[in-house]
Amino acid sequence: MVKSKEELTLIVNQKDLKEKLALFDKENVLSMQENLSEIRLQFPIETALLKGILSRLAAEITTRNINIIDIISSKTEILLYVEEKDLINSIDALRKIKN
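How each quantity is defined
- As a convention, each chain's residues are numbered from 1 in the sequence order in which they are written.
- In keeping with the model being predicted, local features are shown solely for residues with a pLDDT of at least 70 and side-chain atom pairs are shown and tallied solely at 80 or more, while totals for entire chains, interfaces and linings include all residues.
- The side-chain figures draw on all heavy atoms in the structure; neither hydrogens nor water molecules are used.
- Note on classification: 1.4 Å probe, protein chains only; a residue is buried when its accessible area is under 20% of the maximum for its type, exposed when over 50%, partly exposed between these limits.
- Going along the chain from the N terminus, every DSSP run of H or I of four or more residues is numbered as a helix, and every run of E of two or more is numbered as a strand.
- Directions from the helix axis toward the C-beta atoms define the arc.
- Residue contacts follow a heavy-atom distance rule, with two residues in contact if any of their heavy atoms lie within 4.5 Å.
- When DSSP finds two or more bridges between a pair of strands, those strands are recorded as paired.
- Working convention: axes come from line fits to C-alpha atoms, limited for helices to the stretch in contact. Angles between N-to-C directions cover 0 to 180 degrees.
- With a 1 Å grid laid over protein atoms only, a set of points is called a cavity when a 1.4 Å probe fits there but cannot get out and a pocket when it is open yet has protein on both sides within 12 Å along at least five of seven lines; lining residues have an atom within 4 Å of a point.
- Grid points are joined across faces, edges and corners, and a volume is the space filled by probe spheres set on the points.
- For this classification, Asp, Glu, Lys and Arg are treated as charged, while Ala, Val, Leu, Ile, Met, Phe, Trp, Tyr, Cys and Pro are nonpolar and the rest, including Gly, are polar.

Caption draft 1: Examining helix α2 (residues 53-62) more closely. Within α2, the full set of buried residues consists of Leu57, Glu60 and Ile61. Across the axial projection of α2, the buried residues extend over an arc of 95 degrees, all falling on one side. Buried-residue contacts for α2 involve β3 (36-42), β4 (68-73), β5 (77-83) and α3 (87-98).

Caption draft 2: Examining the sheet that holds β3 more closely. Spatial ordering of the open sheet is given by β3-β5-β4, a layout of 3 strands whose pairing is antiparallel. Every other strand in the sheet has two partners, leaving β3 and β4 as the edge strands with one partner each. Strand after strand, the sheet turns through a mean of 15 degrees between neighbouring axes, direction not considered. Taken together, the 7 bridges between β3 and β5 define a ladder with antiparallel strand orientation. Paired with Arg40 across the bridge in β5 is Leu79. Most of the contacts of α3 go to β3, to which it runs at about 20 degrees, and overall it touches β3 and β5.

Caption draft 3: Inspection of the layout of surface pockets at higher detail. Each pocket or cavity is described by its volume, and for the largest pocket that value is around 930 Å³. Around the largest pocket sit 27 residues that line it, and Thr9, Leu10, Ile11, Ser31 and Met32 are the ones nearest its centre. Put simply, the parts of the chain that give the lining of the largest pocket at least two residues each are β2 (8-9), α1 (17-21), β3 and β4. Its residues placed into classes, the lining of the largest pocket shows 13 nonpolar, 8 polar and 6 charged. One number sums up the size of the second largest pocket: a volume of about 270 Å³. Among the secondary structure elements, those contributing two or more residues to the lining of the second largest pocket are β3, α2 and α3. Broken down by element, the lining of the second largest pocket gets its largest block of residues, 5 residues, from α3.

Caption draft 4: Representation of unusual backbone geometry. Positive phi values are uncommon outside glycine, yet Asn35 reaches one of about 60 degrees. Positionally, Asn35 belongs in the loop between α1 and β3. Non-glycine residue Asn65 carries a positive phi angle of around 60 degrees. The topology assignment puts Asn65 in the loop between α2 and β4. For Asn65, a relative accessible area of 72% gives the class exposed.

Note that all results are geometric; they support no functional claim without further evidence.
So, in structure tokens, the structure goes:
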């Protein structure tokens, strides 16, 4: 869950979707996207001091014409959300960084 001043973003498992949607009035649901995949990247705490990590990850994925739907980050973890159909290609792009 990500909350800003004016909106709330929920990312839920597909199996829980109907249950979670029932908690909200339909007119309050601005958009919904199904069939997303999460890529979870974990880093040592020292990585938080490095500049450009997010931009490098995004660049490798978007050069393959893949849209990153959402990014959630903390000091030791980055969660990238892409369409399910793009998951394998996204992982291949991220592996390129490691090599």
